[in-house]
Amino acid sequence: MNPSHPIFSDADLAFGGDGGDPDPTPVNLATSATPSASYTSPWESVAAINDGLVPSPRWGTWPETGSQWAELTWSSTQAIKSAEVYFFDDGGGARVPASWKLQYWNGSAYADVGGASGYGIAADTYNKVTFNAVNTTRLRVVLQSGQGSVGLLEVRAFG
């Protein structure tokens, strides 16, 4: 007689499934989104904000200043609770922003994410922000320029 065997869940059997791992690697939801922006310099690319490539290509707004935005749009609703934004500063026309924030589309308007952990403005690294989870089809990075125009290398979003 054969001994009984445990029944495994689909997650236990799947490659990349959590398999009981208490801290699975988060999936970057941004890579499946369509990027758009308030303005893109002719030699830059808005597609750079979610292409997964750092340090280049990049998105920038030179010579435009003031309030600028870069946005990710999904074809279906995403549950998002953190994001990482990678700024570049070329020491000339494109500088880190004076400030920035995240907004999400609530179905009728853009609203600031709630409970944001803080908005760092370091260049050449990911600036991580956690917030109260939102269910949305759009996530917008709103940037206020400082000493020049603004630019991003990458935006990542996590559920």
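Above: the structure in question.
Rules used throughout
- Every chain's residues receive numbers from 1 upward, in the order its sequence appears when written.
- Residues qualify for local features only when their pLDDT is at least 70, as the model is predicted, and side-chain atom pairs are given and counted only at 80 or more; totals for whole chains, interfaces and linings, by contrast, use all residues.
- Each side-chain value is derived from all of the structure's non-hydrogen atoms; neither hydrogens nor water enter the calculation.
- Each reported salt bridge corresponds to a side-chain nitrogen of Lys or Arg within 4 Å of a carboxyl oxygen of Asp or Glu.
- By definition, any uninterrupted DSSP run of H or I lasting at least four residues is a helix, any uninterrupted run of E lasting at least two residues is a strand, and each is numbered from the N terminus.
- Grouping buried Ala, Val, Leu, Ile, Met, Phe, Trp, Tyr and Cys residues that are joined through side-chain atoms within 4.5 Å yields what is termed a nonpolar core.
- For every residue, the accessible area obtained with a 1.4 Å probe (protein chains only) is divided by the maximum for its type, and the residue is called buried under 20%, exposed over 50%, and partly exposed between those limits.
- For this analysis, residues touch if any pair of their heavy atoms sits within 4.5 Å.

Draft legend 1. Examining the pattern of salt bridges more closely. Applying the stated criterion to the full structure yields five salt bridges. Close ionic contact of Glu84 with Arg156 constitutes a salt bridge, the shortest N to O distance being 2.4 Å. In this pair, Glu84 sits in strand β3 (residues 67–87) while Arg156 sits in strand β7 (residues 151–158), placing the two residues 72 residues apart along the sequence.

Draft legend 2. Fine view of the nonpolar core. Residues Leu102 and Leu152 are the most contacted members of the largest nonpolar core, which totals 28 residues. Of all the secondary-structure elements, those providing two or more residues to this core are β3, β4 (99–105), β6 (126–144) and β7. Per element, the largest residue contribution to this core is seven residues, and it comes from β3. Leu102 has contacts with Ala83, Ala111, Asp112, Val113, Tyr119, Val129, Phe131, Leu139, Arg140 and Val141, leaving out every residue within four places of it along the chain.

Draft legend 3. Representation of unusual backbone geometry within the structure. Looking along the chain, the bond that leaves Val54 and enters Pro55 is cis, with omega of 25°. Residue position: Pro55 is located in the loop between β1 (34–37) and β2 (59–60). A cis geometry characterises the amide bond from Ser56 onward to Pro57, with omega recorded as 0°. On the secondary structure map, Pro57 appears in the loop between β1 and β2.

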